[in-house]
Amino acid sequence: MTDVSPAAPQAISAVLADVDGTLVTKTKALTPRAINAIEQLHERGVLFAITSGRPPRGMRMLVHPLEMRGPMAAFNGGVIVMPDMSIVDERAIPADVAPAVIDAIGAHGLYAWIYCGADWYVTDPGAPHAARESSTVQFQPTVVPSYDSLLDRAVKIVGVSDDHDRVARCGAAVQQEFGAHASAARSQPHYLDVTHPTANKGVVVERMSHYYQIPPDQIATLGDQPNDVLMFERSGMSIAMGNASAQVQQQATYVTASNEDEGFAKAIEQFILPRAVAAPVVTPTPAVPPVGQQLGPRLG
């Protein structure tokens, strides 16, 4: 007799979420329902991690309400920080590539700004979207006359324009020209993020899987932008937000509601918690960790 019993639900032991457009609302707020959903993940032993194009200090306000217990991937994985904001891993764009990236961004008519470590630099205090970015990350950029002295340690270069098609074309051109030496992807329609080639959200999934000894098919990812598709492709379950473009939604396993309609919390409740399985316990090592590693008892 053929066994026609339904297959067991896919087990999920870890969740990796984007921040802007996914975890938080348009006003950059965490809702009580989203916080409660993450509390339920903690209670079930499911690992919860975040990855964002934000700088490390731009993730600081999430640590306490979400009870973050391990490293967080800033700059799409270019810098890994602990909840106390100490840096445990940093991957700069190759120094011989960064100037050419700046030139390419300018040639496409985008304004460029850069991040080095935890610091943000612009050459124009009135730079496009700088005021909004300051509100989001909750600190001001440093104004410099040029980027020349910073390009040997840039962890993220951002191209900015309100011409979204121009940003998309620039991203394709930069990825084609520098793909072996840099990763280029849009984190917002008006932002092109250029980072180290191993600093992208797909690699964050791989590093998380490797350290925690969790198969990629037991990791769920949530996001809303083209740069989130890289982690969709490497995780067993992917959930696109209702506010994501149709192209991004087509790359996901499921689509939830928008970030303005509790999409994150609804996704956790509907798709993750019914499949929740506690992650294995991993003994910390003193080595600099890949993303997701907990570095001792103080992190829980």
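Residues numbered from 1 in each chain as written. Predicted model: local features only at pLDDT ≥ 70, side-chain atom pairs only at ≥ 80, totals over all residues. Heavy atoms only, no water.

1. Details of the packing of aromatic side chains
As enumerated under the stated definition, the model contains eight aromatic pairs in all. Measuring from centroid to centroid gives 5.6 Å for Trp113 and Tyr191, while their planes differ by 65 degrees, and the two rings are edge-to-face. Of this pair, Trp113 sits in strand S6 (residues 111–116) while Tyr191 sits in strand S11 (residues 191–195), and the two are 78 residues apart along the sequence. Residue Tyr191 is classed as buried on the basis of its relative accessible area, which comes to 8%. Pairing Tyr254 with Phe271 gives two aromatic rings, centres 4.3 Å apart and planes at 10 degrees, and the pair type is stacked. Here Tyr254 is found in strand S14 (residues 254–255), whereas its partner Phe271 is found in helix H9 (residues 263–272), with 17 residues between them in sequence. (Phe/Tyr/Trp six-rings, centres within 6.5 Å; stacked < 30°, edge-to-face > 60°. Helix = DSSP H or I, 4+ residues; strand = E, 2+ residues; numbered from the N terminus. Buried < 20%, exposed > 50% of the residue type's maximum accessible area, 1.4 Å probe, protein only.)

2. Overview of the sheet that holds S14
If you walk across this open sheet you meet the five strands as S2-S1-S12-S13-S14, and the pairing is parallel. Strands with a single pairing partner mark the edges of an open sheet, and in this sheet they are strand S2 (47–50) and S14. The sheet contact formed by strand S1 (residues 14–17) and strand S12 (residues 219–223) spans four bridges and is parallel. By the bridge assignment for S12, Ala17 is matched with Leu222. Sheet strands touched by H9: S1, S2, S12, strand S13 (237–240) and S14. Its angle to S13, the strand with the most contacts, is close to 150 degrees. (Pairing = 2+ DSSP bridges. Contact = heavy atoms within 4.5 Å. Axes fitted to C-alpha atoms, helices over the stretch in contact; angles between N-to-C directions.)

3. A closer look at the environment of His181
Examined against the element boundaries, His181 turns out to sit in the loop between helix H5 (164–178) and strand S10 (183–188). A C-alpha to C-alpha distance of 9.0 Å links His181 and Thr195, two positions 14 residues apart in sequence.

4. A look at the pairing of S6
Most of S6 sits out of view: six of its six residues are buried. Here S6 shows two buried faces, one formed by Tyr111, Trp113 and Tyr115 and the other by Ala112, Ile114 and Cys116. Bridge analysis of S6 against strand S9 (residues 156–160) gives five bridges, and the strand direction is antiparallel. Of the residues in S9, the one forming a bridge with Tyr111 is Val160. In the sheet, S6 pairs with strand S7 (residues 119–122) via three bridges, with the strands oriented antiparallel. The residue bridging Ile114 from the neighbouring strand is Tyr121, located in S7.

5. Considerations on the sheet that holds strand S5 (residues 87–90)
Read across the open sheet, the three strands follow the order S3-S4-S5; overall the sheet is antiparallel. Two strands close off the open sheet at either side, each with one partner strand: strand S3 (72–74) and S5. Averaged over all pairs of adjacent strands, the angle between strand axes in this sheet comes to 25 degrees, irrespective of strand direction. In the sheet, S3 pairs with strand S4 (residues 79–81) via three bridges, with the strands oriented antiparallel.

6. Details of the packing of helix H1 (residues 32–43) against H9
Across the interface, H1 lies against H9 with an axial gap of 8 Å and an inter-helix angle of 35 degrees. Where H1 crosses over H9, the handedness of that crossing is left-handed. In contact with Arg33, Ala34, Ala37, Ile38 and Leu41 of H1, H9 contributes Phe264, Ala265, Lys266, Ile268, Glu269 and Ile272. Grouping the constituent residues of the contact of H1 with H9 by class yields eight nonpolar, no polar and three charged. (Left-handed = near helix turned anticlockwise from the far one by under 90°. Nonpolar A, V, L, I, M, F, W, Y, C, P; charged D, E, K, R; others polar.)

7. Some points on H5
Between its first and last C-alpha, H5 extends 21 Å over 15 residues, near the 21 Å set by a 1.5 Å rise per residue. Within H5, burial applies to Val167, Cys170, Gly171, Val174 and Phe178. Down the axis of H5, the buried side of the element spans an arc of 105 degrees, and every buried residue falls inside it. Set apart from the buried face of H5 by more than 90 degrees, the exposed residues are Asp165 and Gln176. Of the surrounding elements, those touching the buried residues of H5 are helix H3 (98–107), S10 and S11. (Expected span 1.5 Å × (residues − 1). Arc of directions from axis to C-beta.)

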